[in-house]
Amino acid sequence: MDYSKIPSPSFVLDEERLIANLELIQRVQREACVDIILAFKGFAMWPVFPLVRQYLKGATASSLNEARLCFEEMGEKAHTYMVAYPEKDFDQIAAISSHLTFNSLNQWEAYKTRIPSGVSCALRINPEWSDVTTDLYNPADATSRLGLTSEHLKGGLPPGIEGLHLHVLCESDAQAMERVLEAVEQKFGHLLADVTWLNLGGGHLMTHKAYEVHRLIALLTDFRKRHGLRLILEPGSAVAWDTGDLRATVLDIVENGGILTAITDISVTCHMPDCLEMPYRPRILNAHQEPSEGPYRYRIGGLSCLAGDYLDEYSFEQPLKIGDPLVFQDMMHYTMVKTTTFNGISHPDIGVWREGKYIQLRSQGYESYKRKLG
């Protein structure tokens, strides 16, 4: 991409890289005979859904808004899972869903008589194993509020349940997928003959260059054949992995206590909140990740009044100057869907790099901020 042609600040998607990811995911679908759907919580840039739906079989939703986005912009009914369904929203959600997953037996009992004809229902299970080490993102703890442990289902499944659903991975590899399948068989093997489908959730980072795609295909094929199940995967990160960036500009450079901070026209807390909560450290184009690797060191500061609105030091081969561009790489998955307008800081523009040109899809300013608040 030619970043000189992209306004600052902007989230910009490289359409060619997105197509490459989708083609790989389509290969997994075809060779393993599984269904792969898009998880909106990881990537929900709906103007490119006409492209996405050429490769994927639908999407998963975790709210009424996401279910509507799937129905209206993907042209498909959603595979919907909510931790708890608001009573006022349930009938509308059910009407635009092909699959409904319930987090507890209480929720199933509350809504089982309101399921429309043709909707397939499931329970979320917790196999109590995950490779996720950050507690904030680990859903598989024995005390987790997400899903039923095997203790809840000793007596089998209630009538009307046709599937099981789990989600315990986060940007994980094929080895982790193998461990998950083993945990499912160990904890819930007695139920697999009683269902027709198993949703293995997201976190399968199959588009990462180090991912063993052949191993994933073999694992899924073997499991599917042994249990006679339809398998569903719902990655978010894998679809948008390394497909786009956040283009920013240095507005000021301040020095305090011997630390230089480059203040930018974006905010870490507003525009990259996952970099604070994970913590995830993004790559910056032409910068070193470690401060010791280059001669010029800078924190990267944001526009908000939050004291912690900065990224720890990066290093550069040349000193930064006011007006210099900064490009935060791999910002399409999760980062973009989590943005806020804290302090009234505007959301970056959204655009696509297509066939050597930048196409702006949306510019958001005062009206977007105002509508959110009243």
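Check the entry above for the structure.
Only a predicted model underlies this, so the values are computations on that prediction, with no experimental measurement involved.

Caption draft 1: Representation of a nonpolar patch on the surface in the model. On the surface, L276, L306 and F342 cluster together to form a nonpolar patch covering roughly 240 Å² of accessible area. Tracing the chain through its elements places L306 in the loop between β13 (296-301) and β14 (310-316). Take L306: its relative accessible area is 39%, and that puts it in the partly exposed class.

Caption draft 2: Quick peek at the environment of L169. Position of L169 relative to the elements: it lies in the loop between β8 (161-165) and α6 (174-188). Residues L169 and G42 lie 127 residues apart in sequence; the distance between their C-alpha atoms is 13 Å. Beyond its immediate sequence surroundings of up to four residues, L169 is in contact with W129, D131, V132, A176, M177, V180, G202, G203 and H204.

Caption draft 3: Highlighting helix α3 (residues 64-74). If you check which residues of α3 are buried, you get L64, E66, A67, C70 and M74. Looking at the buried side of α3, the elements it contacts are α2 (49-52), β4 (59-61), β5 (78-82) and α4 (87-95). Positive backbone phi, approximately 75°, marks G75, located one or two places after α3.

Caption draft 4: Region of the structure containing the packing of helix α1 (residues 15-32) against helix α7 (residues 213-227). The N-to-C vectors of α1 and α7 enclose an angle of 35°; their axes lie 9 Å apart at closest approach. The two elements α1 and α7 meet at a crossing, and its hand is right-handed. For the pair α1 and α7, contact is made by L24, R27, V28, E31 and A32 and by V213, L216, I217, L220, T221 and R224, respectively. Tallied by class, residues from the contact of α1 with α7 come to seven nonpolar, one polar and three charged.

Caption draft 5: Structural context of the pattern of salt bridges. Scanning the entire structure with this criterion turns up 22 salt bridges. A salt bridge links K5 to D2, with the nearest nitrogen and oxygen atoms 4.0 Å apart. For D35, the salt bridge goes to R230, with nearest N and O atoms at 2.7 Å. Linking D35 in strand β2 (residues 35-36) with R230 in strand β10 (residues 230-233), this pair joins segments that are 195 residues apart in sequence. A residue is classified by how much of its surface remains accessible, and D35, at 15% relative accessible area, is buried. Shared partners join several salt bridges into a network, and the residues in it are D14, R17, D242, D245 and R283.

Caption draft 6: The sheet that holds strand β6 (residues 97-102), seen in detail. The sheet built from nine strands is open, its strands ordered β2-β10-β9-β8-β7-β6-β5-β4-β3 with parallel pairing. Taken across any chain shown, the strands that pair with only one partner, and hence form the sheet edges, are β2 and β3 (38-39). One ladder, built from two bridges, connects β2 with β10; its direction is parallel. When the bridges of β10 are listed, D35 appears paired with I232.

Caption draft 7: Representation of the environment of Q329 in the model. In this structure, Q329 sits in the loop between β15 (325-328) and β16 (349-354). Each C-alpha atom of the pair Q329 and L361 lies 19 Å from the other, and the pair is 32 residues apart in sequence. With sequence-adjacent residues up to four places away left out, Q329 is seen in contact with G244, D245, Y280, P282, R283, I284 and L285.

Caption draft 8: Region of the structure containing α6. Here α6 is 15 residues long and its end C-alpha atoms lie 21 Å apart, about the 21 Å a rise of 1.5 Å per residue gives. The complete set of buried residues in α6 reads A174, A176, M177, V180, L181, A183, V184 and F188. Buried positions in α6, seen along its axis, are confined to an arc of 165° and lie on one side of it. Buried-residue contacts for α6 involve α7. The backbone nitrogen of Q175 lies 3.3 Å from a side-chain oxygen of the residue at the head of α6, namely D173.

Caption draft 9: Structural view of the side chain of N103. In this structure, N103 sits in the loop between β6 and α5 (105-111). Reaching out from N103, the side chain makes a polar contact with the backbone oxygen of R145 at a distance of 2.9 Å. A distance of 2.7 Å separates a polar side-chain atom of N103 from the backbone nitrogen of G147. Dropping the residues within four chain positions of it, N103 is found in contact with Y81, M82, V83, R124, R145, L146, G147 and L148.

What counts and how
- Residues numbered from 1 in each chain as written.
- Predicted model: local features only at pLDDT ≥ 70, side-chain atom pairs only at ≥ 80, totals over all residues.
- Heavy atoms only, no water.
- Patch = residues over 30% accessible without salt bridge, like charges linked within 9 Å, V, L, I, M, F, W, Y side chains within 5 Å.
- Areas by Shrake-Rupley, 256 points an atom, 1.4 Å probe, with all protein chains shown as cover.
- Salt bridge = Lys/Arg side-chain N within 4 Å of Asp/Glu carboxyl O.
- Helix = DSSP H or I, 4+ residues; strand = E, 2+ residues; numbered from the N terminus.
- Buried < 20%, exposed > 50% of the residue type's maximum accessible area, 1.4 Å probe, protein only.
- Contact = heavy atoms within 4.5 Å.
- Axes fitted to C-alpha atoms, helices over the stretch in contact; angles between N-to-C directions.
- Left-handed = near helix turned anticlockwise from the far one by under 90°.
- Nonpolar A, V, L, I, M, F, W, Y, C, P; charged D, E, K, R; others polar.
- Pairing = 2+ DSSP bridges.
- Expected span 1.5 Å × (residues − 1).
- Arc of directions from axis to C-beta.
- Polar contact = N/O pair within 3.5 Å; in protein donor to acceptor, adjacent residues only side chain to side chain.

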